[in-house]
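# Fold and contact review
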Amino acid sequence: MDEDERLRHASSFGAAATAYAEHRPGYAVAAVRWALAPAPGPRVLDLGAGTGKLTAALVALGVEVVAVEPDSAMLAELRRSLPGVRALPGSAEAVPLPAASVDAVLAGNALHWFDMAVAGPEIARVLAPGGVLAGLWNVVDDGVEWVAGLAGVGGSAAIGPRDTPAGWRAETAGAHLPEAGGPARFGSSEQALFPHGQRRTADSLVATLATRAGVLVMPRQEREAALGRIRAFLAGRPETARGEFTFPMRTGVLRARRL
């Protein structure tokens, strides 16, 4: 997408901040641990923190967390749910922290929205030597037959090219990190995928997919039609038609070290 389209999608979440906080999944604990494994210390920045989905996982692991989020509505939800966390307005392109003040910068479902030409050097500035930059994404496990069918019915707005394991690997293979040896001084990137799942009902899964940027920016009638197709699909599947089920996912991690 072009820059105007990217900005329109990136800024769409604030209007759905309450629904985002209620319905979006957290992240696989093993994935968060792997993202942090090379970090030289416990100070972690959750950048583009949204409503605090990744922040909560970091707090549970006992690290020292500061969250930075540009959208005021998303930041308000984060502060409401995690009042003990230091949460600041700011962006990846203008991080409100001193140089070398954190040991890791993590971004949950956010790194692809950053302008890395600007954000890369800025992230490098706040990272201590040897610090880690890692992006985490929750993707759907389309190796499960009914999930693959859902991806087909929902269309790219609800489940896009990056939202399956194979698509995620292809689209994030170094694409959202500063170039190795470039001015931001990061090493080569690594990828890993971890099993994950979210307990949902048909209605709450529809509500989750309705918080995707591609759905949020749709014209109202088009959005309602897309969500209606998803709802009908789920109502017709034995795995999802009655009561709660586990929505199969993976948490993908892309990480690199500050040189």
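In the annotation of an unreviewed UniProt entry, the chain is listed under the name SAM-dependent methyltransferase and assigned to Saccharothrix algeriensis. As recorded by UniProt, the Sequence similarities (unreviewed entry) comment attached to the chain reads in full: "Belongs to the methyltransferase superfamily."

## Side note on the overall build of the chain
Summing up its helical and strand segments, the chain has 11 helices and 7 strands in all. Within the span of the chain, comprising 259 residues, buried residues form 56% of the whole. When contacts within the chain are restricted to residue pairs at least 6 apart in sequence, those whose partners lie at least 24 apart make up 76%. Per element, the accessible surface of the chain, about 11000 Å² overall, is 53% carbon and sulfur. A distance of 5 Å separates the average location of the 26 positive side-chain charges in the chain from that of its 26 negative side-chain charges.

## What to know about unusual backbone geometry
Of note in the backbone geometry, A100 takes a positive phi value of approximately 55 degrees without being a glycine. Assignment of secondary structure puts A100 in the loop between β3 (86-89) and β4 (102-108). One non-glycine residue, N109, adopts positive backbone phi at about 50 degrees. Checked against the element boundaries, N109 lands in the loop between β4 and α6 (116-126).

## What about helix α11 (residues 220-235)?
Across its 16 residues, α11 extends 22 Å between first and last C-alpha, which sits within 8% of the 22 Å expected from 1.5 Å per residue. Among all positions of α11, only A226, L227, I230, F233 and L234 are buried. End-on, the buried residues of α11 take up no more than an arc of 115 degrees, which puts them together on one face. For α11, the exposed residues lying more than 90 degrees away from the buried face are R220, Q221, A232 and A235. On the buried face of α11, the contacting elements are α7 (145-158), α9 (202-209) and α10 (213-216).

## Brief notes about the packing of aromatic side chains
Tallied over the full model, the rule gives 4 aromatic pairs. Aromatic side chains W146 and F245 sit 5.7 Å apart centroid to centroid with 90 degrees between the ring planes, which places their arrangement in the edge-to-face category. With a gap of 99 residues between them, W146 in helix α7 and F245 in strand β7 (residues 245-257) connect regions that are remote in the sequence. The pair formed by W146 and F245 is uniform in burial state, with each residue classed as buried. By the ring-pair criterion, three or more aromatic residues cluster together here, those being W146, F245 and F247. A cation over a ring is seen here: R255 above W34, with NZ or CZ 3.6 Å from the ring centre.

## Overview of the UniProt feature "domain: Methyltransferase type" (unreviewed entry) in the chain
Feature annotation in UniProt assigns "domain: Methyltransferase type" (unreviewed entry) to the following positions: residues 45-134. Along residues 45-134, the helical share is 32% and the strand share 31%, with 10 Å between the first and last C-alpha atoms.

## Looking at the packing of α9 against α11
In the contact formed by α9 and α11, the axes pass within 10 Å of each other and the chain directions differ by 150 degrees. Considering their axes alone, α9 and α11 lie roughly antiparallel with respect to each other. Between α9 and α11 lies a crossing of right-handed hand. Across from A202, D203, L205, V206 and L209 in α9, the residues of α11 making contact are L227, I230, R231 and L234. Tallied by class, the residues present in the contact of α9 with α11 amount to 7 nonpolar, no polar and 2 charged.

## Some thoughts on the side chain of H23
Note on placement: H23 falls in helix α2 (residues 17-23). Aside from chain neighbours lying at most four places away, what touches H23 is Q198, R200, S204, A207 and T208.

## Quick notes on the sheet that holds strand β2 (residues 64-69)
Here 7 strands make up an open sheet; going across it, the order is β3-β2-β1-β4-β5-β7-β6 and the pairing mixed. Where the open sheet ends on each side, the last strands, each with one partner, are β3 and β6 (190-200). Neighbouring strand axes in the sheet, compared pairwise and without regard to direction, differ in orientation by 25 degrees on average. Both strand β1 (residues 43-47) and β4 contribute to a ladder of 3 bridges, which runs parallel. Paired with D46 across the bridge in β4 is L106. Along the sheet, helix α5 (residues 72-81) contacts β2 and β3; its crossing angle with β3, the most-contacted strand, is approximately 170 degrees.

Parameters at a glance
- Residues numbered from 1 in each chain as written.
- Predicted model: local features only at pLDDT ≥ 70, side-chain atom pairs only at ≥ 80, totals over all residues.
- Heavy atoms only, no water.
- UniProt positions renumbered as here; feature names shortened; annotations may be inferred.
- Helix = DSSP H or I, 4+ residues; strand = E, 2+ residues; numbered from the N terminus.
- Buried < 20%, exposed > 50% of the residue type's maximum accessible area, 1.4 Å probe, protein only.
- Contact = heavy atoms within 4.5 Å.
- Areas by Shrake-Rupley, 256 points an atom, 1.4 Å probe, with all protein chains shown as cover.
- Lys, Arg positive; Asp, Glu negative; His and termini not counted.
- Charge placed at Lys NZ, Arg CZ, Asp CG, Glu CD.
- Expected span 1.5 Å × (residues − 1).
- Arc of directions from axis to C-beta.
- Phe/Tyr/Trp six-rings, centres within 6.5 Å; stacked < 30°, edge-to-face > 60°.
- Lys NZ or Arg CZ within 6 Å of the ring centre and 35° of its normal.
- Axes fitted to C-alpha atoms, helices over the stretch in contact; angles between N-to-C directions.
- Parallel < 35°, antiparallel > 145°, perpendicular 65-115°, else oblique.
- Left-handed = near helix turned anticlockwise from the far one by under 90°.
- Nonpolar A, V, L, I, M, F, W, Y, C, P; charged D, E, K, R; others polar.
- Pairing = 2+ DSSP bridges.

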